[in-house]
Amino acid sequence: MAQTVQTAAKDSPVEDTPRKQARVFAVCLPRSTSSIFARCMSEVPNSEVFFDAQYCCIEAEDNLHLMGKTVDHEADDIPDEDWQKALEMLVGEDCSKQDVRLLKLPYIKKLLDNPNPEKDLIFCKLALPNIECLQFPPEKCSNYKYTFLVRHPIKVFQSYRNVIYSVATEMSLYAEDPSRCKAPSPADFHFARDSPDRYVAKRCFFKELYDAWIHVKEHLDPNPIIIDSDDLLSNPAGMLSKYCAAVGVEYSDGLLKWEADPECCANWKNVLTPLHHFKIGRIFCGNALNSTHFLPPSPIPSIDDVTEDVRKATERAMPYYQEMYEARMLP
């Protein structure tokens, strides 16, 4: 496990878990159908959703570093206006109305350790592009059930390639890079070479997810649940009923269909709430926020039919995916 993962602070008070309250910490990868999974779980009556809150924290910290600032979580001495600027560097829009406390990992941890006791479900979804996102997990005594959502690497990296190209072109990120005259064409785009710096996939993704899985088993939850997205999409009723039983949530067929309403995310815990008010949120999560149900999975493409960047990333990721896939919850 990467050394940057710290032991959670011991001086923050933690309330006892209410007997009826289910607490779920769902770790996943970018482009693993995790947003539509969170949308589904938000249909659980009286639930509260944390949506990639820690990911935004890490992105803001990276931008603060570019600004010459050093983040000291214990000192908490960076002015709010600097946190706001770091967030605006990420989204390219005015963020003066956003709650910058939600960019601080210890604050997110505090909320997770002491959630609203009136809620029946606390569902924390975390896309894990790098291991730093798990620097401040909830205390073990907060009794979160850890789950992992995996997806075949070739599908993850194809989707990642497409969405990063959309983000870079629609948000005019290439115009920020003086070394580029224009954006590459979709056919020529290579996500490991041509992504704007903030989106370069410097890591394997799957190695980080695998490391998190091992860390959770050793320190937080000896029996975390793994779901493969194709299993979920192929048999939503069967997989969701098993999943809900395993995490202490009452299943109903109401989890299989919902209204296409971007306002569903208005109360989700994320510094960019509501997500659909920001272009970056609409690009990354628009399909999920406008969805009404799970769609059947597409076939797994042949490795010979994908671009070189997707092929190489898939080959690196397969050993980690395969071990987690073999440990998954079966349909």
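Counting restarts for each chain: residues are numbered from 1 in the order of the written sequence. For a predicted model such as this one, the threshold for reporting local features is a pLDDT of at least 70, and the threshold for listing and counting side-chain atom pairs is 80 or more; totals across whole chains, interfaces and linings nevertheless cover every residue. Calculated side-chain values reflect all of the structure's heavy atoms, with hydrogen atoms and water omitted.

### Describing the overall build of the chain
Working definition: helices are DSSP H or I runs of at least four residues, strands are E runs of at least two. Numbering for both runs from the N terminus. In terms of regular secondary structure, the chain is built from 11 helices and five strands. A simple rule labels every residue: compare its accessible area, found with a 1.4 Å probe on the protein chains alone, to the largest value its type can have, and call it buried under 20%, exposed over 50%, or partly exposed in between. Expressed as a percentage of the 331 residues in the chain, the buried residues total 53%. Contact definition: two residues touch when any of their heavy atoms are within 4.5 Å. Within the chain, counting contacts between residues at least 6 apart in sequence, those at least 24 apart form 79% of the total. Accessible surface is estimated by sampling points in the Shrake-Rupley manner with a 1.4 Å probe; for residues, cover comes only from the protein chains shown. Taken as a whole, the chain presents about 15400 Å² of accessible surface, with 48% of it coming from carbon and sulfur.

### Side note on the packing of aromatic side chains
Aromatic rings from Phe, Tyr and Trp, with only the six-membered ring used for Trp, were paired whenever their centres fell within 6.5 Å, and each pair was classed as stacked if the ring planes differed by under 30 degrees, edge-to-face if by over 60, and tilted otherwise. Within the structure shown, the criterion is met by 13 aromatic pairs. On the basis of an interplanar angle of 85 degrees and a centroid distance of 5.8 Å, the ring pair of phenylalanine 37 and phenylalanine 123 is categorised as edge-to-face. Of the two residues, phenylalanine 37 is situated in helix α1 (residues 34-41) and phenylalanine 123 in strand β3 (residues 121-127); the sequence distance between them amounts to 86 residues. Classification of phenylalanine 123 as buried rests on a relative accessible area of 1%. Between tyrosine 210 and tyrosine 320, the ring centres sit 5.5 Å apart and the planes meet at 55 degrees, which makes this aromatic pair tilted. With tyrosine 210 in helix α7 (residues 206-219) and tyrosine 320 in helix α11 (residues 308-326), this pair connects stretches of sequence that are 110 residues apart.

### Examining the side chain of histidine 276
Mapped onto the elements of the fold, histidine 276 is located in the loop between α9 (236-247) and α10 (279-289). What makes histidine 276 buried here is its relative accessible area of 16%. Look past the residues within four positions of histidine 276 in its chain and what remains in contact with it is Pro262, Glu263, Cys265, Arg282 and Leu289.

### Quick word on the packing of helix α2 (residues 53-66) against helix α3 (residues 80-91)
The geometry of α2 relative to α3 is characterised by a closest axis approach of 8 Å and an angle of 105 degrees between their N-to-C directions. When the interaxial angle is binned, α2 and α3 end up roughly perpendicular. Contacts between α2 and α3 involve Glu59, Ala60, Glu61, Asn63, Leu64 and Leu66 from the first element and Asp82, Trp83, Ala86, Met89 and Leu90 from the second. Three categories are distinguished: nonpolar for Ala, Val, Leu, Ile, Met, Phe, Trp, Tyr, Cys and Pro, charged for Asp, Glu, Lys and Arg, and polar for the others, with Gly belonging to the last. Here the contact of α2 with α3 is built from residues that sort into seven nonpolar, one polar and three charged. Axis lines are fitted through C-alpha atoms, for helices just across the contact stretch, and the angle between N-to-C directions can take any value from 0 to 180 degrees. Should an angle lie under 35 degrees it is considered roughly parallel, over 145 roughly antiparallel, and from 65 to 115 roughly perpendicular; all remaining angles are considered oblique.

### Here we look at the pattern of salt bridges
A pair is scored as a salt bridge if a Lys or Arg side-chain nitrogen falls within 4 Å of a carboxyl oxygen belonging to Asp or Glu. Overall, the coordinates contain 16 salt bridges when judged by the stated rule. Close ionic contact of lysine 109 with aspartate 113 constitutes a salt bridge, the shortest N to O distance being 2.5 Å. Separated by four residues within a single helix, lysine 109 and aspartate 113 lie in helix α4 (residues 105-113), roughly one turn from each other. Here aspartate 113 falls in the buried class, since its relative accessible area comes to 0%. Taking the shortest distance from any N to any O, the salt bridge between aspartate 211 and lysine 207 comes out at 2.7 Å.

### Some remarks on the pairing of strand β2 (residues 47-51)
Burial runs high along β2: five of the five residues are buried. The alternating pattern of β2 places Ser47, Val49 and Phe51 on one face and Glu48 and Phe50 on the opposite face, and all of these are buried. As judged from the five bridges shared by β2 and β3, these two strands associate in the parallel manner. The residue of β3 that forms the bridge with valine 49 is phenylalanine 123. Between any two strands, at least two bridges found by DSSP are needed for them to pair.

### Some thoughts on the nonpolar core
For this analysis, a nonpolar core means a set of buried residues of the types Ala, Val, Leu, Ile, Met, Phe, Trp, Tyr and Cys, connected via side-chain atoms within 4.5 Å. Counting 101 residues, the largest nonpolar core has Phe25, Phe123, Phe148 and Tyr243 as its most contacted members. The biggest single contributor to this core is helix α5 (residues 153-170), with eight residues. Leaving out residues up to four positions away in the same chain, phenylalanine 123 has contacts with Val24, Ala26, Phe37, Ala38, Met41, Glu48, Val49, Phe50 and Tyr243.

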